[in-house]
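# Commentary on secondary and tertiary structure
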Amino acid sequence: MTRAGPRPRDIALVCESAILAGTFAVSAGWRVDPLLPVLAVFGSLGTFLFWPRGWAIPAASFIGTFLCAFAYGQLREGTLGGSLPGGAASGSFLAQGASTVMHDPFLPYPSAALLAALLGGSSGELPSGMRAAMESSGNSYLVGMYGYKMHLLGETTRIISGSALPRAASLLIGITLVVLFAAAAGFPVSAVRAGTMVCASSVAELLGRRGERNFVVLLTAVSMVIWDPGIWGSRGFILSFLSIIGISLISPLFEEAVSRRFPGKSALHRALSFHAVTATAVNIAILPAVAVLYGSFPLISFISNVFAGLPLGAILWLGMGAATIGRLIQPVAILFTAPLAPLLEYEKVMFDIFATVPIAIPAAAFPSAALIAYYSILGAILFGTHGRD
């Protein structure tokens with residue numbers, strides 16, 4: 001049945017999107033002043049033509065909220081935000097523990113450096129060859145993209161506990177572990193932002209309906225940019241926010257399609273399906289942003305992130321144990337580093353294999369107009385699926 005008009009939740013979703021777009025426009029240095037007469041004309045014409053179809057209210061809400069958010073962002077520009085540090089606190093419990101395992105006999109230097117990078121969120125300790133391989137293979141974002149890492153950490157926790165506990169309890173345990181990960185890392189700004197969005201996404205999943213998931217995830221980001229519009233200057237926030245959009249809003253669409261077309265039952269099939277869906281959804285969400293922020297986007301990451309992501313949840317689990325125990329009782333850390341060693345070696349092999357296929361989309365493919373068009377189309381698709389639930 002076709003709805004007679006937009007629901008209040010639809011209008012709220014449109015306004016959330018407009019707040020994010022308006023504050024981002026300020027951060028990106030876009031000028032909207034010349035567009036004001038055009039917006040006024042099209043807003044008036046649209047109200048007259050589309051009011052009977054119920055489209056005028058969402059359109060007017062978006063334009064009005066966007067302009068208010070843009071003005072608010074200009075007033076607050078440069079007051080806080082993107083200048084705040086995004087990496088792990090150097091004196092944090094997790095950072096100190098990670099440096100301890102750098103001397104573990106089971107972990108040679110390259111593997112130990114990779115573990116420290118994944119736990120601490122900084123690639124500074126990585127050997128130059130490994131860093132270059134990760135960039136070419138499209139896996140370098142695994143280090144700094146806290147949203148993606150925390151999602152895999154929570155998902156691994158849910159898989160482990162899901163067979164014995166109800167779904168809600170597994171989600172809550174996953175949320176708890178995400179908070180502990182952020183705490184052990186010393187609550188760096190990027191981890192706090194990403195952890196907040198991951199936890200909000202998990203809470204939204206408990207609500208069940210796609211519309212509520214969309215609303216809660218966007219509301220979390222909106223609250224952050226209202227508090228500090230300057231966070232759009234943080235690469236970590238942008239990538240974590242977009243990765244959560246991919247995980248929470250895009251991924252369910254692919255999951256439904258894959259489960260219908262490939263209804264496999266084996267554990268390997270489920271693991272590959274989960275990582276393929278998650279990596280694809282996240283890459284679709286971050287592709288233009290990565291190209292613009294880093295100069296290019298390696299297309300091989302659509303494949304490499306599937307295979308590199310397979311053991312990442314377990315690596316984070318074991319790594320947290322090694323870093324914690326290693327700082328308290330260093331000899332006992334061997335219980336964690338022994339199984340970690342082959343997993344980290346596997347990751348290094350994946351980086352080297354996929355680094356041999358350097359096909360990338362350059363930043364020049366995404367001027368401002370293309371960037372706006374890409375995310376507008378993506379938003380329209382997500383809003384359309386939201387409207388059907």
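This one's a predicted model, so the numbers in the text were calculated from it and none came from an experiment. (Residues numbered from 1 in each chain as written. Predicted model: local features only at pLDDT ≥ 70, side-chain atom pairs only at ≥ 80, totals over all residues. Heavy atoms only, no water.)

### Some details on the overall build of the chain
- Scanning the chain from terminus to terminus reveals 17 helices and two strands.
- Across the 389 residues that make up the chain, the buried fraction comes to 47%.
- Restricting to contacts in the chain with at least 6 residues of sequence separation, those with at least 24 account for 79%.
- Surface summary for the chain: the accessible area is close to 17700 Å², and the carbon and sulfur share equals 71%. (Helix = DSSP H or I, 4+ residues; strand = E, 2+ residues; numbered from the N terminus. Buried < 20%, exposed > 50% of the residue type's maximum accessible area, 1.4 Å probe, protein only. Contact = heavy atoms within 4.5 Å. Areas by Shrake-Rupley, 256 points an atom, 1.4 Å probe, with all protein chains shown as cover.)

### Things to note about the confidence of the model for the chain
- Per-residue confidence for the chain averages 76 on the pLDDT scale, and 75% of its residues sit at or above 70.
- Segment residues 79-91 is flagged for pLDDT under 50; beyond a separation of four residues in sequence, or across chains, it makes 31 contacts in the model. (pLDDT = per-residue confidence, 0-100.)

### Observations concerning a nonpolar patch on the surface
- Judged by side-chain polarity, Leu 272, Ile 303, Phe 307 and Leu 310 come together as a nonpolar surface patch covering roughly 290 Å² of accessible area.
- Within the secondary structure layout, Ile 303 lies in helix α14 (residues 301-309). (Patch = residues over 30% accessible without salt bridge, like charges linked within 9 Å, V, L, I, M, F, W, Y side chains within 5 Å. Salt bridge = Lys/Arg side-chain N within 4 Å of Asp/Glu carboxyl O.)

### So, the packing of aromatic side chains
- Under the criterion given, the structure shown has 10 aromatic pairs.
- Ring geometry for Phe 66 against Phe 70: centres 6.4 Å apart, planes inclined by 20°, an arrangement best described as stacked. Within this pair, Phe 66 and its partner Phe 70 are both found in helix α3 (residues 56-76), separated by four residues, close to a single helical turn.
- On the accessibility criterion, Phe 66 (15% relative accessible area) is buried.
- Aromatic ring contacts, followed pair by pair, group Phe 24, Trp 232, Phe 237 and Phe 241 into a single cluster.
- Over the ring of Tyr 146 we find Lys 149, and its NZ or CZ is 4.6 Å from the ring centre.
- The ring of Tyr 294 carries the charged tip of Arg 235 above its face, separated from the ring centre by 4.7 Å. (Phe/Tyr/Trp six-rings, centres within 6.5 Å; stacked < 30°, edge-to-face > 60°. Lys NZ or Arg CZ within 6 Å of the ring centre and 35° of its normal.)

### Digging into the side chain of Asn 283
- Topologically, Asn 283 is positioned in helix α13 (residues 267-294).
- For Asn 283, a relative accessible area of 1% gives the class buried.
- Not counting residues within four places of it along the chain, the set of residues in contact with Asn 283 comprises Phe 297, Ser 301, Phe 302 and Asn 305.

### Things to note about the packing of helix α5 (residues 109-120) against helix α16 (residues 334-354)
- Look at α5 against α16: their axes get within 10 Å of each other, and the N-to-C directions meet at 90°. In this view, α5 runs roughly perpendicular relative to α16, as classed from their interaxial angle. On the side of α5, the interface is formed by Pro 110, Ser 111, Leu 114 and Leu 115, while α16 contributes Leu 340, Leu 344, Glu 345, Glu 347, Lys 348 and Phe 351.
- Per-class residue counts for the contact of α5 with α16 are six nonpolar, one polar and three charged. (Axes fitted to C-alpha atoms, helices over the stretch in contact; angles between N-to-C directions. Parallel < 35°, antiparallel > 145°, perpendicular 65-115°, else oblique. Nonpolar A, V, L, I, M, F, W, Y, C, P; charged D, E, K, R; others polar.)

### Here we look at the packing of helix α6 (residues 128-137) against α16
- One way to put it is that α6 packs onto α16 with a least axis distance of 8 Å and a crossing angle of 60°. Viewed along their axes, α6 and α16 adopt a mutual orientation that is oblique. With respect to the hand of their crossing, α6 and α16 are arranged in left-handed fashion. Counted together, Met 130, Ala 133, Met 134, Ser 136 and Ser 137 of α6 and Lys 348, Phe 351, Asp 352 and Phe 354 of α16 form the full contact between these two elements.
- A breakdown of the residues in the contact of α6 with α16 according to their chemical character gives five nonpolar, two polar and two charged. (Left-handed = near helix turned anticlockwise from the far one by under 90°.)

### Some points on the environment of Arg 76
- Relative to the helices and strands, Arg 76 is located in helix α3.
- Residues Arg 76 and Val 26, 50 residues apart in the sequence, show an inter-C-alpha distance of 9.8 Å.
- When residues no more than four places from it in sequence are discounted, the contact partners of Arg 76 are Ile 226, Trp 227, Asp 228 and Pro 229.

### Details of α5
- Taking 1.5 Å per residue, 12 residues should reach 16 Å; α5 reaches 16 Å between its end C-alpha atoms and fits that length.
- Across the 12 residues that make up α5, a large majority, 10, are buried.
- Those residues of α5 that sit buried are Ser 111, Ala 112, Ala 113, Leu 114, Leu 115, Ala 116, Ala 117, Leu 118, Leu 119 and Gly 120.
- After α5 finishes, the residue Gly 121 shows a positive phi value of roughly 80°. (Expected span 1.5 Å × (residues − 1).)

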